[in-house]
Amino acid sequence: FIRCNQFVKIGRTDNVNHRLSQLSSMNPYTVELIFEILNGGYLEKYYHDKFKEYHHKGEWFTLSDHLIKSLTSGKADVNADQVSGLDSKGRSSK
């Protein structure tokens, strides 16, 4: 989950740092990793469906309090063993 201004990108990648770099170079706004699920690529469609009411375009969704709270409150509907290395805000602590 990558934040960019008032949007968040829900997608998967094999290399988060490389993807952040790509998005940064193509974008006039700052991009920030706000949530990461390790080995969770299979959950991409689930989250696209879960937040479909906020869908903007492609893999981009309008940032909402509901979306952020779902991710940062520990109620992201994933098992604890699917999420690791995150701080209290859902950011990677690695």
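Note that the coordinates shown come from a computational prediction; the quantities given were computed from them, not determined experimentally. (Residues numbered from 1 in each chain as written. Predicted model: local features only at pLDDT ≥ 70, side-chain atom pairs only at ≥ 80, totals over all residues. Heavy atoms only, no water.)

Colleague: Any chance you could explain the sheet that holds strand S1 (residues 2–4) here in plain terms?
Modeller: Strand-to-strand pairing in sheets goes through backbone hydrogen bonds, with the strands running parallel or antiparallel. The 5 strands lie next to each other as S3-S1-S2-S5-S4, forming an open sheet whose pairing is antiparallel. Looking at strand neighbours, the two that pair on one side only are strand S3 (31–33) and strand S4 (55–57), the edges of this open sheet. Taking each pair of neighbouring strands and ignoring which way they run, the sheet shows an average axis angle of 35°. Sheet topology places strand S2 (residues 7–9) next to strand S5 (residues 60–62); 3 bridges connect them, and they run antiparallel. Within S5, the position partnered with Val8 by the bridge is Phe61. Strand contacts of helix H1 (residues 16–25): S1, S2, S3 and S5, with the helix running at about 160° to S3, the strand carrying the most contacts. (Pairing = 2+ DSSP bridges. Helix = DSSP H or I, 4+ residues; strand = E, 2+ residues; numbered from the N terminus. Axes fitted to C-alpha atoms, helices over the stretch in contact; angles between N-to-C directions. Contact = heavy atoms within 4.5 Å.)

Colleague: I keep staring at the side chain of Glu44 and nothing clicks. Help me out?
Modeller: On the secondary structure map, Glu44 appears in helix H2 (residues 44–50). In terms of polar contacts, Glu44 uses its side chain to reach the side chain of Arg12, at 3.1 Å. Those residues within four positions of Glu44 in sequence are excluded, and the remaining contacts are Ile10, Gly11, Arg12 and Glu59. (Polar contact = N/O pair within 3.5 Å; in protein donor to acceptor, adjacent residues only side chain to side chain.)

Colleague: How should I be thinking about the packing of aromatic side chains in this particular structure?
Modeller: By the definition in use, this model includes 4 aromatic pairs. Considering the side-chain rings of Phe1 and Phe35, the 5.5 Å spacing of their centres and the 80° angle between planes classify their relative orientation as edge-to-face. Of this pair, Phe1 sits in the segment before S1 while Phe35 sits in the loop between S3 and H2, and the two are 34 residues apart along the sequence. Relative to Tyr47, the ring of Tyr46 lies with its centre 5.0 Å away and its plane at 80°, an arrangement referred to as edge-to-face. Note on Tyr46: relative accessible area 33%, which makes it partly exposed. Residue Tyr47 is classed as buried on the basis of its relative accessible area, which comes to 1%. In this structure an aromatic cluster arises from ring pairing among Phe1, Phe35, Tyr46, Tyr47 and Phe51. (Phe/Tyr/Trp six-rings, centres within 6.5 Å; stacked < 30°, edge-to-face > 60°. Buried < 20%, exposed > 50% of the residue type's maximum accessible area, 1.4 Å probe, protein only.)

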